[in-house]
Amino acid sequence: MEDAPLPYPAALAAMQARADAIRAGTAAERVWLVEHPSLYTAGTSARPEDLADPGRFPTYAAGRGGQWTYHGPGQRVAYVMLDLQRQHGTVPPRDIRRFVEGLEEWLIRALDRFNVRGERRAGRVGIWVADRAAGTEAKIAAIGVRVTRWVSWHGVSLNVEPDLAHFAGIVPCGIPDHGVTSLAALGLPVTMADADVALRGAWGEVFGEDASLPLPPGEGRGEGGHTHALWALGHFR
């Protein structure tokens, strides 16, 4: 695995190439776990006025659905490249709505491993954590996907221990009335490795494939000969 955060343009290029290869039947599906340097990405519905501080970090047009999102150190980004023409666990073929619901359920089950209750909200994308005593709630995970000819790319982000002040440069996901939170802000000493274990453990409960086994040797820096491994960390070719 590369120690340095992955530049966003490199991620976009690698995702698109992988999605094309999955569609052509020359590469296996892939869930790619990465960490980016601090940056803002704009989805296809992003409004210019929701970029409150355009000079703060680099900005990129992501090509995914959704609005503005922050990525940066301490946030686990999971890019999900699947052939949606086939069944994946509880997600039926050719059903994008159920695929998105599956991503939501995956995050909820991963958070449950830390005794955090992640919740959906009607009309709001992402996973939320409520402080019922205070009457407030905040987003802990974001979802932004694209499906091109039934192959998915882009994915989800989980706030493990990012600098939450960096979200102030945008209106996250176009929702001004609620803030963002993280596992660290909830008082949980969770590492990125811990988050990866939770995500991998919850994956099979929703999408069917067993992702609980360790990554094969070499998966961090490329295919390493394991062309059918589902998961990759850091960079892959």
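Check the entry above for the structure.
For every chain, the first residue of the written sequence is number 1, and numbering continues from 1 onward in sequence order. Since the coordinates come from a predicted model, pLDDT governs what is reported: local features require at least 70, and pairs of side-chain atoms require 80 or more to be given and counted, while whole-chain, interface and lining totals use all residues. Side-chain numbers come from the whole structure's heavy atoms, not from hydrogens or water.

Novice: Could you give an account of empty space enclosed by the protein, with specific residues and numbers?
Specialist: Space inside and on the surface of the protein is sampled on a 1 Å grid over the protein atoms alone, with a cavity defined as a set of points where a 1.4 Å probe fits but cannot get out and a pocket as an open set with protein on both sides within 12 Å along at least 5 of 7 lines; lining residues have an atom within 4 Å of a point. Grid points are joined across faces, edges and corners, and a volume is the space filled by probe spheres set on the points. Enumeration over the complete set of coordinates arrives at two cavities of 30 Å³ or more. If you go around the largest cavity, you meet 15 residues; those closest to its centre are T69, K139, A142, N159 and F167. Counting only elements with at least two residues in the lining of the largest cavity, the list comes to β4 (68-71), β8 (136-148) and β9 (151-159). Counting from the N terminus, the helices are DSSP H or I runs at least four residues long and the strands are E runs at least two residues long. Top contributing element to the lining of the largest cavity by residue count: β8, with four residues. A class-by-class count of the residues in the lining of the largest cavity yields ten nonpolar, four polar and one charged. When residue character is reported, Ala, Val, Leu, Ile, Met, Phe, Trp, Tyr, Cys and Pro are called nonpolar, Asp, Glu, Lys and Arg charged, and the others, Gly included, polar.

Novice: Explain the side chain of H36 to me, using residue names and the numbers behind them.
Specialist: You can see H36 is positioned in the loop between β1 (30-34) and β2 (39-42). Relative accessibility decides the category of a residue: with a 1.4 Å probe and only protein chains considered, values under 20% of the type maximum give buried, values over 50% give exposed, and everything between is partly exposed. Of the residues examined, H36 reaches a relative accessible area of 0% and is grouped as buried. Under this definition, polar contacts are N or O atom pairs within 3.5 Å; protein pairs additionally need one hydrogen-donor-capable and one acceptor-capable atom, and for neighbouring residues in sequence, both atoms have to be side-chain atoms. Of the polar contacts made by the side chain of H36, one reaches the side chain of Y79; its length is 2.7 Å. Those residues in contact with H36 that sit more than four places away from it in its chain are P5, L6, P7, Y8, A11, H71, G72, P73, V77 and Y79. Between two residues, a contact is recorded if the distance between any of their heavy atoms is within 4.5 Å.

Novice: I'd like a rundown of helix α1 (residues 8-24), residues and numbers included.
Specialist: End to end, α1 covers 24 Å across 17 residues, agreeing with the expected 24 Å (1.5 Å per residue, within 8%). Of the positions making up α1, those classed as buried are Y8, A11, L12, A14, M15, R18, A19, A21 and I22. Tucked inside the fold, the buried residues of α1 contact β1, β2, β3 (59-61), β4, β5 (75-81) and β9. Once α1 ends, the next one or two residues include G25, with phi positive near 80°. Take the number of residues in a helix, subtract one, and multiply by 1.5 Å to get its expected span.

Novice: Residues and numbers for the environment of P58, please.
Specialist: Along the chain, the position of P58 falls in the loop between β2 and β3. Between the C-alpha atom of P58 and that of T41, which follows or precedes it by 17 residues, the distance is 8.5 Å.

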